[in-house]
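# Architecture and fold: a report
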Amino acid sequence: MHTRTVAARVYHEDPVLRICRQHVPPGVRVAGELDQTRADALRDALAEAVRLDPDIHLNLNQLHFLDQNAARVILQTAANLPASRRMVVVCAEPVERALIEAGANGVPALRMLVRNGER
Amino acid sequence: MVSAERTGSAPRRGSHSRPPHTTGSTARRPRATSVRVLLDQAFDGGNLPALRTAVSALAKKVADAGTAEAVVLVVHELSSNSVRHGGGSGRLRMWVTGRGLHCEVSDQGPGLSDPGAVGRELPAHAAPGGRGLWLARRMSDLQISTSHRGTTVTAVMAL
């Protein structure tokens, strides 16, 4: 009897961007480049994480570009979490910079873990 | 395929020493001898990733890594504004004068109603737009020229 789906779930995949479910820690992994044209795919993936996961782990380690509209989707999701829940974003410096420019410091539920010195 | 969208060869210096500006304002022309056109490329919503790749490669030749990164962010936000609000497409031209990298994004959209005020403050998370120009203003010296026939935004970044 299968009560859980164990196969990796891919929300979006094209030559520029891949968004998939991450199992450990549970959340969403995004790789490539994310801009407004693909922000809806991220919104859908995050919505599922909000339903399934206590805290949202967003792994952006392999994300090389994030624009302001896509950053807004991340910040909105974090800002709308109930007070007891967090969004933990793992990313490199350029993505951290984009999130900060979009207003990350004004979202208390957001935690950023920044990977340094790797390009 | 994104790589198929790549720009053609970069314009040669000699043949493109003209200052890449169109309407009037000869006073703003950079001196022909100091102009180095790096990129002249049309874009639309389908090739923004390719545009970023081209911008990144060229910015890295004239700027340090951190500045090049900022250039990509600013140019992307401006070109993405043209795609969303400026008629769906536009044109990017980049050139260097002295210690400044100029990034000019033009479109033929309906124009901005209040170019002096737009992007002065960070919009709320729920607000749909405005953050592109906010970021561009923070990271560059921005000039906006707009009318009902289109908008040209020039971001100058110190090298």
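Please read all numbers here as calculations on a predicted model, not as lab measurements.

So, about the overall build of chain A. Helix and strand counts for chain A stand at 3 helices and 7 strands. Starting at the N terminus and ending at the C terminus, chain A contains elements arranged as β-β-β-α-β-β-α-β-α-β. Taken over C-alpha atoms, the radius of gyration comes to 14 Å for chain A, in line with the 14 Å a tight globule of 119 residues would show. If one aligns the C-alpha atoms of chain A with their principal axes, the spans along those axes are about 45 × 35 × 25 Å. In chain A, which comprises 119 residues, the proportion classed as buried is 41%. In chain A, 61% of the contacts between residues at least 6 apart in sequence involve partners at least 24 apart.

A few words on the overall build of chain B. In terms of regular secondary structure, chain B is built from 3 helices and 5 strands. For chain B, the sequential pattern of α-helices and β-strands runs β-α-α-β-β-α-β-β.

Attention shifts here to the confidence of the model for chain B. Residues and elements named next belong to chain B. Confidence in the prediction of chain B, expressed as mean pLDDT, is 81, and 75% of residues score 70 or more. Counting interchain partners and residues more than four positions distant, the pLDDT-below-50 stretch residues 1-19 has 24 contacts. Predicted confidence for residues 21-27 stays below pLDDT 50, and this span has 2 contacts to residues more than four positions away or in other chains. Per the prediction output, this complex has pTM 0.80; the corresponding ipTM is 0.82.

All right, on to the packing of helix 1 (residues 39-52) of chain A against helix 2 (residues 68-79) of chain A then. Residue and element names in this part refer to chain A. Interaxial distance between helix 1 and helix 2 falls to 9 Å at its minimum, and their mutual angle equals 15°. Relative to helix 2, the element helix 1 lies roughly parallel. Once helix 1 is placed against helix 2, the crossing between them reads as right-handed. Facing helix 1, whose interface residues are Ala 39, Leu 42, Arg 43, Leu 46 and Val 50, helix 2 presents Asn 69, Ala 70, Val 73 and Thr 77. Taken together, the residues of the contact of helix 1 with helix 2 sort by class into 6 nonpolar, 2 polar and 1 charged.

Scoring rules and cut-offs
Residues numbered from 1 in each chain as written. Chains lettered and ligands numbered in written order. Predicted model: local features only at pLDDT ≥ 70, side-chain atom pairs only at ≥ 80, totals over all residues. Helix = DSSP H or I, 4+ residues; strand = E, 2+ residues; numbered from the N terminus. Rg over C-alpha atoms; globule rule 2.2 N^0.38 Å. Buried ≥ 20, exposed ≤ 12 C-beta atoms within 10 Å, placed from the backbone. Contact = placed C-beta atoms within 7 Å. pLDDT = per-residue confidence, 0-100. Axes fitted to C-alpha atoms, helices over the stretch in contact; angles between N-to-C directions. Parallel < 35°, antiparallel > 145°, perpendicular 65-115°, else oblique. Left-handed = near helix turned anticlockwise from the far one by under 90°. Nonpolar A, V, L, I, M, F, W, Y, C, P; charged D, E, K, R; others polar.

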